[in-house]
Amino acid sequence: FWFISYNAVTTWFTTYANAKWSMSLGEANTCLLVANGGAILCYLPIGWLSGKFGRKKMILSGITIMTISFIASFIYTFTIGKFTPALYAIFLLVGMAWASISVNSLPMVLEMCKGSEIGKFTGLYYTFSMAAQIVTPVATGWLMHYVGYNVLFIYAAIFMAAAFFSMQFVKHGEAVIAK
């Protein structure tokens, strides 16, 4: 679900930003660059924090921050309606939140399998994550075309909320501390 959500925004953001906020391609891409920069700055600290507080808690915090950021982007459209540097702050949070998810998701999956199953579980992880990233641009594009551009951040928030809900069922995958 988080791949569906995040990839919808990264795929369609420049189109959305131009149509809804009259942003240039460069301004819109800078928002995405800020998100990537935020993620890069947070990968190592998130890894450390995950060891201290747990992978699941860090993933859930990332999902929560990203959901709030997408809702804020939706509200931003109706309240401000044009580019301001506040978008950079929102996308910095998106990047930081994405780091919390991406640093922990594959290790959490691999922690749940036996050593002989690592290849199989890695294959399953990438099959489903890539399938989500293939389906979501088409689904989001269709919705934006037939429902309207405003659906982008609602779509992303709904799927991030679904990720939060599904993570409640994860009971394993924390790092095993060697003795």
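Positions within a chain are numbered from 1, following the residues in the order the chain's sequence is written. Local features in this predicted model are restricted to residues whose pLDDT is 70 or higher, and side-chain atom pairs enter the listing and the counts only when it is 80 or higher, whereas totals over whole chains, interfaces and linings include all residues. Neither water nor hydrogens contribute to the side-chain values; these are computed over all heavy atoms in the structure.

Participant: Would you mind showing me how to read the overall build of the protein here?
Facilitator: Scanning the protein for helices and strands turns up six helices and zero strands. Going from the N terminus to the C terminus, the protein shows its helices and strands as α-α-α-α-α-α. On C-alpha atoms alone, the protein measures out to a radius of gyration of 17 Å, which is about the 16 Å that the 2.2 N^0.38 rule sets for 179 residues. With respect to the principal axes defined by its C-alpha atoms, the protein has extents near 55 × 30 × 25 Å. Note on exposure labels: buried denotes an accessible area under 20% of the residue type's maximum, exposed denotes more than 50%, and partly exposed covers the range between, all computed with a 1.4 Å probe on protein chains only. Burial statistics for the protein: of 179 residues in total, 40% are counted as buried. A separation threshold of at least 6 residues defines the contact pool for the protein, and within that pool the share at least 24 residues apart is 81%. Summed over all atoms, the accessible surface of the protein reaches about 9,500 Å², with 72% contributed by carbon and sulfur. A helix here means a DSSP run of H or I that spans at least four residues, while a strand means a run of E at least two residues long, and both kinds are numbered starting from the N terminus. Throughout, the radius of gyration refers to the C-alpha atoms, and the reference size of a globule is 2.2 Å times the residue count to the power 0.38. Note on definitions: a residue-residue contact is assigned when non-hydrogen atoms from the two residues lie within 4.5 Å. Using the Shrake-Rupley algorithm and a 1.4 Å probe, accessible areas are obtained, with residue cover drawn only from the displayed protein chains.

Participant: Would you mind going over the packing of helix α2 (residues 25-53) against helix α3 (residues 55-79) with me for this structure?
Facilitator: Helix-helix packing is described using two parameters, namely the angle between the two axes and the distance between the axes. The axes are straight lines fitted to the C-alpha atoms, using for helices just the contacting stretch, and the angles between their N-to-C directions are given from 0 to 180°. Taken N-terminus to C-terminus, the directions of α2 and α3 make an angle of 125°; their axes are 7 Å apart at the nearest point. By the criterion of interaxial angle, the relationship of α2 to α3 is oblique. Where α2 approaches α3, its residues Ile 46, Leu 49, Ser 50 and Phe 53 are matched on the opposing element by Arg 55, Lys 57 and Met 58. As a working rule, the residues Ala, Val, Leu, Ile, Met, Phe, Trp, Tyr, Cys and Pro are called nonpolar, Asp, Glu, Lys and Arg charged, and the rest polar, with Gly in that last group. Here the contact of α2 with α3 is built from residues that sort into four nonpolar, one polar and two charged. Orientation is classified from the angle alone, with under 35 degrees giving roughly parallel, over 145 giving roughly antiparallel, 65 to 115 giving roughly perpendicular, and any other angle giving oblique.

Participant: Can you walk me through the state of the cysteines in this structure?
Facilitator: In a disulfide, the sulfur atoms of two cysteines are held together by a covalent bond. Two cysteine sulfur atoms form a disulfide, by the criterion used here, when they sit within 2.5 Å. As enumerated under the stated definition, the model contains zero disulfides in all. In this structure Cys 31 is not part of a disulfide, and its nearest cysteine sulfur, from Cys 42, lies 17 Å away.

Participant: What is the right way to read the packing of aromatic side chains from this model?
Facilitator: The relative placement of two aromatic rings is captured by the distance of their centres and the angle of their planes. Pairing of aromatic side chains requires ring centres within 6.5 Å, counting the rings of Phe and Tyr and the six-membered ring of Trp. Pairs whose planes differ by under 30 degrees are stacked, by over 60 edge-to-face, and all others tilted. All chains considered together, the criterion is met by 18 aromatic pairs. Measuring from centroid to centroid gives 6.3 Å for Trp 21 and Phe 153, while their planes differ by 15°, and the two rings are stacked. A residue pair is termed long-range when its members are at least 10 positions apart, and Trp 21 in helix α1 (residues 2-21) and Phe 153 in helix α6 (residues 151-167) qualify at 132 residues. Residues Trp 21 and Phe 153 agree in their burial class; the two are buried. One aromatic cluster is present, formed by Phe 13, Tyr 16, Trp 21, Phe 70, Tyr 76, Phe 91 and Phe 153 through successive ring pairs.

Participant: Could you clarify how one ought to interpret the nonpolar core in this entry?
Facilitator: One broad rule of soluble globular proteins: the nonpolar side chains tend to lie buried together. Grouping buried Ala, Val, Leu, Ile, Met, Phe, Trp, Tyr and Cys residues that are joined through side-chain atoms within 4.5 Å yields what is termed a nonpolar core. One finds Trp 2, Phe 13, Trp 21, Met 66, Phe 70, Phe 91 and Phe 153 to be the most contacted residues of the largest nonpolar core, which totals 43 residues. Elements represented by at least two residues in this core include exactly α1, α2, α3, α4 (86-111), α5 (118-146) and α6. At 10 residues, α1 tops the list of elements feeding residues into this core. Core analysis: the next-biggest nonpolar cluster, separate from the first, contains five residues, Ala 39, Cys 42, Met 58 and Ala 99 among them.

Participant: Would you explain the layout of surface pockets in this entry?
Facilitator: Size it by volume and the largest pocket reaches roughly 520 Å³. Of the grid points, spaced at 1 Å and generated over the protein atoms alone, those admitting a 1.4 Å probe that cannot get out make up cavities, while open sets with protein on both sides within 12 Å along at least five of seven lines make up pockets; any residue with an atom within 4 Å of a point is treated as lining. Taken together, 19 residues line the largest pocket, and the ones lying closest to its centre are Phe 1, Trp 2, Val 109, Tyr 125 and Phe 128. Of all the secondary structure elements, the ones that give two or more residues to the lining of the largest pocket are α1, α4, α5 and α6. Counting residues per element, the lining of the largest pocket draws most heavily on α5, which supplies six residues. Grid points are joined across faces, edges and corners, and a volume is the space filled by probe spheres set on the points. The space that makes up the second largest pocket amounts to roughly 200 Å³. In this structure, the second largest pocket is lined by 16 residues; those nearest its centre are Phe 3, Trp 98, Tyr 125, Tyr 126 and Gln 133. Breaking the lining of the second largest pocket down by element, the ones donating at least two residues are α1, α4 and α5. No other element matches α4, which puts six residues into the lining of the second largest pocket. Among the residues forming the lining of the second largest pocket, the class breakdown is 10 nonpolar, six polar and no charged.

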